[in-house]
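Here is what each chain is made of, one letter per residue.
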Amino acid sequence: MATATHFHKLAYLLLLGLCLTPLIGAGSALIMGAAFAIIVGNPFAELSQTASKWMLKAAVVGLGFAVDFNQVIEVGRSSLVLTIVSITAIIGLGEILTQVFKLNRNTGVLISFGTAICGGSAIAAMAPVIKAKDHEVAVALGVVFLLNGVGLLLFPAIGHYFNLSQEQFGLWAALAIHDTSSVVGASATYGAVALSIATTVKLTRAMWIIPYTTLAGVFWRSEEKASIPLFIVGFLAAALINTYVPDYASIWSLLNSAAKQLLVMTLFLIGSGLSISVLKQAGVKPFLMAIFLWVVVSSVILILILDGFI
């Protein structure tokens, strides 16, 4: 048994190390991690969960070294109305679907907020504000996590089917996929331009966590206050450095390349966090509500992009 356990751990570490090489892409890493966890189990469950959170933040910051800071400002300015209208509409639709599917109120709010802004980060920020219980947070995160995996694999295929340009795909991925990790992973497989646009739009959108959680705090009469995730500040700082300190462009390029490979490793760790217990804990209703909300949101945004409205 001890030998089998050691082999189990060694196999996991070898697959993780393989993600450092160009042989494994973002989508493959996620699938590989999930398959390993479901079939034989994750031997480093707690450690990988903690590591993936920090590695994702570091990867996102590193991706900022390929972004023009002026583009971030322009995206934020030009998409102000779209952002407010879309986030509010998604949260509103989520509220209706929560009633339709007779879902626990807090769980419905967390899923809606995660769909509207940026998945796990938004859920983590909203949870203390609405005084969500641990199992409600776990269910929302589990549902969003699974849909992230689907989006990471499905979106590039749909993008190619509709002949989306890299600009169009980057925008669609940023607006329709829940978590930053899957947005970056999906757009990275689509192309460099798509990756740049998707990352910029998604992180610009993530800044709206603060005003919306503040507003929720008023309705829930909560004293809890959310703070802007530090990795977003890091991303903006990296973009600022990349834009205004061009003399060291080769170093910034190296950091960006390292961040992309770190992201692949992170996706393997995220995938390995999946388990049968997570699936059972979530139940059917949250999945049905989240899938319905996601399909509507993704479809409407795709139609608007194809028709040239956004």
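Given the structure is predicted, the values throughout are model-derived calculations rather than measurements. (Residues numbered from 1 in each chain as written. Predicted model: local features only at pLDDT ≥ 70, side-chain atom pairs only at ≥ 80, totals over all residues. Heavy atoms only, no water.)

J.: Can you walk me through the layout of surface pockets in this structure?
T.: Empty space left among the atoms is revealed by rolling a probe the size of a water molecule over them. Estimates place the volume of the second largest pocket at around 360 Å³. Ile91, Leu215, Ala216, Phe219 and Trp220 are, among the 14 residues lining the second largest pocket, the residues nearest its centre. Elements represented by at least two residues in the lining of the second largest pocket include exactly helix 5 (80–100), helix 6 (105–116) and helix 12 (209–219). (1 Å grid on protein atoms, 1.4 Å probe; cavity = no way out; pocket = protein on both sides within 12 Å on 5 of 7 lines; lining within 4 Å. Points joined across faces, edges and corners; volume = space filled by probe spheres on them. Helix = DSSP H or I, 4+ residues; strand = E, 2+ residues; numbered from the N terminus.)

J.: Help me understand helix 10 (residues 180–190) in this model?
T.: For an α-helix, the turn length of 3.6 residues means that residues three or four places apart are oriented alike. Among the 11 residues of helix 10, nine are classified as buried, and the element is accordingly described as predominantly covered. Residue Gly191 follows helix 10 closely and has a positive phi angle near 155°. (Buried < 20%, exposed > 50% of the residue type's maximum accessible area, 1.4 Å probe, protein only.)

J.: Explanation requested: the side chain of Ser272 in the structure shown.
T.: Inspection of the secondary structure assignment puts Ser272 in the loop between helix 14 (249–271) and helix 15 (276–282). Judged by its relative accessible area of 2%, Ser272 falls in the buried class. Not counting residues within four places of it along the chain, the set of residues in contact with Ser272 comprises Tyr12, Gly33, Ala34, Ala37, Asn42 and Ser48. (Contact = heavy atoms within 4.5 Å.)

J.: Just checking my understanding: could you explain the packing of aromatic side chains for this structure?
T.: Any pair of aromatic rings gets described here by the distance separating the centres and the angle formed by the planes. All chains considered together, the criterion is met by 12 aromatic pairs. Summarising the aromatic geometry, the rings of Tyr12 and Phe36 are spaced 5.6 Å apart at their centres and angled 65° between planes, so their arrangement reads as edge-to-face. With Tyr12 in helix 1 (residues 2–18) and Phe36 in helix 2 (residues 26–39), this pair connects stretches of sequence that are 24 residues apart. Phe36 shares its class with Tyr12; the two are buried. Geometrically, the ring pair formed by Phe155 and Trp294 is stacked, given 5.8 Å between the ring centres and 15° between the ring planes. (Phe/Tyr/Trp six-rings, centres within 6.5 Å; stacked < 30°, edge-to-face > 60°.)

J.: What is the right way to read the packing of helix 9 (residues 166–176) against helix 11 (residues 192–206) from this model?
T.: Between two packed helices, the angle of one axis relative to the other and the distance separating the axes together describe the packing. For the pair helix 9 and helix 11, the least separation of the axes is 7 Å and the interaxial angle reads 30°. Seen from above, helix 9 lies across helix 11 with right-handed handedness. Contact residues: Gln166, Glu167, Phe169, Gly170, Leu171, Ala174 and Leu175 in helix 9; Ala192, Val193, Ala194, Ile197, Ala198, Val201, Lys202 and Arg205 in helix 11. Looking at side-chain class alone, the contact of helix 9 with helix 11 contains 10 nonpolar, two polar and three charged residues. (Axes fitted to C-alpha atoms, helices over the stretch in contact; angles between N-to-C directions. Left-handed = near helix turned anticlockwise from the far one by under 90°. Nonpolar A, V, L, I, M, F, W, Y, C, P; charged D, E, K, R; others polar.)

J.: Explanation requested: the pattern of salt bridges in the structure shown.
T.: Once the charged atoms of two side chains with opposite charge are near each other, the side chains can pair. Applying the stated criterion to the full structure yields one salt bridge. Where Glu95 meets Arg105, a salt bridge forms, and the shortest distance between an N and an O atom there is 3.1 Å. Residue Glu95 is found in helix 5, and its partner Arg105 is found in helix 6; the two are separated by 10 residues along the sequence. (Salt bridge = Lys/Arg side-chain N within 4 Å of Asp/Glu carboxyl O.)

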